[in-house]
Amino acid sequence: MADFKKASRTELVHGGTKRSQWGELSEAIFLTQGFAYDSAEQAEARFIKTEADEYIYARYGNPTVAMFEERIALLEGAEDAFATASGMAAVSGALTAMLKAGDRVVAARALFGSCLYVLETILTRFGVEVVFVDGADLAQWEEALKPGAELVFFESMSNPTLELVDVEAVSKLAHAVGAKVVVDNVFSTPVYSRAIEQGADVVVYSATKHIDGQGRTLGGVILGSREIIRGVIEPYMKHTGGSMSPFTAWVMLKGLETIDLRVRAQTASAEAIAKAVIGHPKVTRVSYPGLESHPQHELAQRQLGAGGTMVAFEIEGGKEAAFRFCNALKVILISNNLGDAKSIATHPATTTHQRLSPEQRQGLGIGDGLIRLSVGIEDTGDLVADIQQALDVA
Ligand SMILES: *Cc1c(COP(=O)(O)O)cnc(C)c1O
């Protein structure tokens, strides 16, 4: 895309703002389901064709939600966006809106549990064929795409092992057989994403994560060309009910004002933590795309230009040692969320990935000693010290 451009910090503060006649400084929450018309003729005209900044019902659109959609589209460098009630409303909405019975999907195997459920259990029930590949292996993508496909789906950075999928290379392979590319970009974050420029047709986010960034509310967003968003996604979302609430949109707008500052600070701390744990005698493996030791470091630099806000590492001693580590943490909290201002430690084998069989976990590189850290905005020194003292206890 020749005119690809990401929002500046200025646009993250001001972009998409719509002011009422009161001139409010902070964006208003238009907590309304409906809109009153000046006349019956105006109502009729709006139902024939709704222009920009005209609204008829909150499931179809709302001024606060539209402000969020404009601002996140600026950040992503996308033409348009549709805001959804949660990240899963965005993933399931995008996939269902774009697919029909008889279509074939090729997807990366390492997926967020609910994404896997939608592909494996729901879409197949409606006659969609789903094929899984190892997302980091381009030869597997090429082979799986040979018979053709209508859609390709993957998480650009996998949970919890932080493996990357090459957006540009996979998009080229997909487009060569006429498949559309849908990328779940949560771990890459909209701050570092250039997925549209690199070939993705649609990018989805759980806004619950870095976009809110302070652990308050669920939300999601689907981004892409105006043709796809308004022609394919909007008709599906507005009739099936997964639209974002105005209150949520306001929280997310406020999140976008600070997302660049937060994510860059979180990334700096994540890098410091990765460097601090790499030499620790109890740590057998560290996965951080910002480290040269990461097998896809070069791809991470090219694709994102940064290592991101997540760090994964394996502690010697399996589940017992991992639990001792978690229980010894004083600043970092034990939870399963991510992208929050508060740093969070997760033990994937017993929580987020508990339902997988030990063999499946092994296949995805999720050992019993694996810890996933979502790095927050606390002082870097406090976080490093907390991890070091907890590793000593582990
Ligand atoms: C959290 C998450 C989702 C789902 O988002 P919700 O807002 O919880 O519905 C989807 N994909 C990835 C990669 C996630 O981390």
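Residues numbered from 1 in each chain as written. Predicted model: local features only at pLDDT ≥ 70, side-chain atom pairs only at ≥ 80, totals over all residues. Heavy atoms only, no water.

Per an unreviewed UniProt entry, the protein chain is named O-succinylhomoserine sulfhydrylase, and its organism is Alloyangia pacifica. Turning to the protein chain, the UniProt annotation filed under Subunit (unreviewed entry) states: "Homotetramer." Note on the protein chain: under the UniProt heading Sequence similarities (unreviewed entry), the record states "Belongs to the trans-sulfuration enzymes family. MetZ subfamily." (UniProt positions renumbered as here; feature names shortened; annotations may be inferred.)

## Describing the environment of Leu111
Tracing the backbone through its elements, the reader meets Leu111 in the loop between strand E2 (104-108) and helix H5 (113-122). Here the alpha-carbon distance between Leu111 and Pro160, two residues 49 residues apart in the chain, equals 9.3 Å. With residues up to four places along the chain from it excluded, the contact list for Leu111 reads Leu116, Leu119, Phe132, Phe153 and Glu155. (Helix = DSSP H or I, 4+ residues; strand = E, 2+ residues; numbered from the N terminus. Contact = heavy atoms within 4.5 Å.)

## So, the layout of surface pockets
Of the voids in this model, the largest pocket is the one considered here, and its volume is about 740 Å³. Forming the walls of the largest pocket are 33 residues, and the residues nearest its centre are Glu51, Ala52, Asp53, Arg230 and Glu234. Counting only elements with at least two residues in the lining of the largest pocket, the list comes to helix H2 (40-48), helix H3 (63-76), strand E1 (80-84) and helix H9 (226-240). Across the lining of the largest pocket, the residue classes break down as 14 nonpolar, 4 polar and 15 charged. Each pocket or cavity is described by its volume, and for the second largest pocket that value is around 570 Å³. In terms of lining, the second largest pocket is formed by 24 residues, of which the most central are Leu111, Phe112, Gly113, Leu116 and Leu356. Looking at the lining of the second largest pocket element by element, the count peaks at 5 residues for H5. Split by residue class, the lining of the second largest pocket holds 9 nonpolar, 10 polar and 5 charged. Counting contributing residues per domain, the lining of the second largest pocket is built from domain 1 (9-255) and domain 2 (260-393), each supplying no fewer than three. (1 Å grid on protein atoms, 1.4 Å probe; cavity = no way out; pocket = protein on both sides within 12 Å on 5 of 7 lines; lining within 4 Å. Points joined across faces, edges and corners; volume = space filled by probe spheres on them. Nonpolar A, V, L, I, M, F, W, Y, C, P; charged D, E, K, R; others polar. Domains from an automatic or database assignment.)

## Some words on the packing of H3 against helix H10 (residues 246-278)
Contact geometry of H3 with H10 gives a least axis separation of 8 Å together with a crossing angle of 30°. The orientation of H3 relative to H10 falls into the category roughly parallel. Here H3 runs over H10; the crossing is left-handed. Contact residues: Thr64, Val65, Met67, Phe68, Arg71, Ile72 and Leu75 in H3; Pro246, Ala249, Trp250, Met252, Leu253, Leu256, Glu257 and Ile259 in H10. Its residues placed into classes, the contact of H3 with H10 shows 12 nonpolar, 1 polar and 2 charged. (Axes fitted to C-alpha atoms, helices over the stretch in contact; angles between N-to-C directions. Parallel < 35°, antiparallel > 145°, perpendicular 65-115°, else oblique. Left-handed = near helix turned anticlockwise from the far one by under 90°.)

## Looking at unusual backbone geometry
Negative phi values dominate among residues other than glycine, just as trans dominates among peptide bonds. Each neighbour pair has its own omega, and for Asn159 with Pro160 the value is 0°, a cis peptide bond. Of note, Leu162 is a non-glycine position whose phi angle comes to about 60°, a positive value. If you trace the backbone, Leu162 turns up in the loop between strand E4 (151-155) and helix H7 (167-176). Positive phi values are uncommon outside glycine, yet Thr189 reaches one of about 70°. For Thr189, the position within the fold is in helix H8 (residues 189-192).

## Some thoughts on the site of the ligand
Taken together, the neighbourhood of the ligand is formed by 13 residues, with Met88, Asp184, Ser206, Thr208 and Lys209 sitting nearest. Gly87 is positioned such that a nitrogen or oxygen atom in its backbone is 2.8 Å from an oxygen atom of the ligand. Contacts to the ligand include Ser206, whose side-chain N or O atom sits 2.8 Å from an oxygen atom. Class assignment for the residues of the shell around the ligand results in 5 nonpolar, 5 polar and 3 charged. (Near = heavy atom within 4 Å. Polar contact = N/O pair within 3.5 Å; in protein donor to acceptor, adjacent residues only side chain to side chain.)

## Some thoughts on the packing of aromatic side chains
Scanning the model with the defined rule gives 4 aromatic pairs in all. Summarising the aromatic geometry, the rings of Phe313 and Phe325 are spaced 5.7 Å apart at their centres and angled 85° between planes, so their arrangement reads as edge-to-face. Note that Phe313 is positioned in strand E9 (residues 310-315) and Phe325 in helix H12 (residues 318-328), a separation of 12 residues in sequence. By the burial criterion, Phe313 is buried, and Phe325 matches it. (Phe/Tyr/Trp six-rings, centres within 6.5 Å; stacked < 30°, edge-to-face > 60°. Buried < 20%, exposed > 50% of the residue type's maximum accessible area, 1.4 Å probe, protein only.)

## Examining the pairing of strand E3 (residues 129-133)
Bridge count between E2 and E3: 5 bridges; the pairing is parallel. Opposite Val106, over in E3, you have Val131 as the bridge partner. (Pairing = 2+ DSSP bridges.)

## Focus: the pattern of salt bridges
Summed over all chains, the structure comprises 26 salt bridges. For Glu27, the salt bridge identified is with Lys254, shortest N-O distance 2.9 Å. Taken together, the positions of Glu27 in the loop between helix H1 (9-14) and H2 and Lys254 in helix H10 put the pair 227 residues apart, joining distant regions of the chain. Glu27 gets classed as buried once you look at its relative accessible area, which sits at 6%. (Salt bridge = Lys/Arg side-chain N within 4 Å of Asp/Glu carboxyl O.)

## What to know about H9
Helical periodicity: at 3.6 residues per turn, an α-helix aligns residues three or four positions apart in one direction. Compared with an ideal rise of 1.5 Å per residue, which puts 15 residues at 21 Å, H9 spans 20 Å between its outermost C-alpha atoms and is within 8% of the ideal. Of all the bends in H9, the largest measures some 45° and sits at Ile233, one to four residues before the proline Pro235. Looking only at H9, the buried set comprises Ile228, Ile229, Ile233, Glu234, Met237 and Lys238. Packing partners of the buried residues in H9 comprise E1, helix H4 (87-98), strand E5 (180-184), strand E6 (202-206) and strand E7 (220-224). (Expected span 1.5 Å × (residues − 1). Bend = angle between axes of the 7 residues up to and from the residue.)

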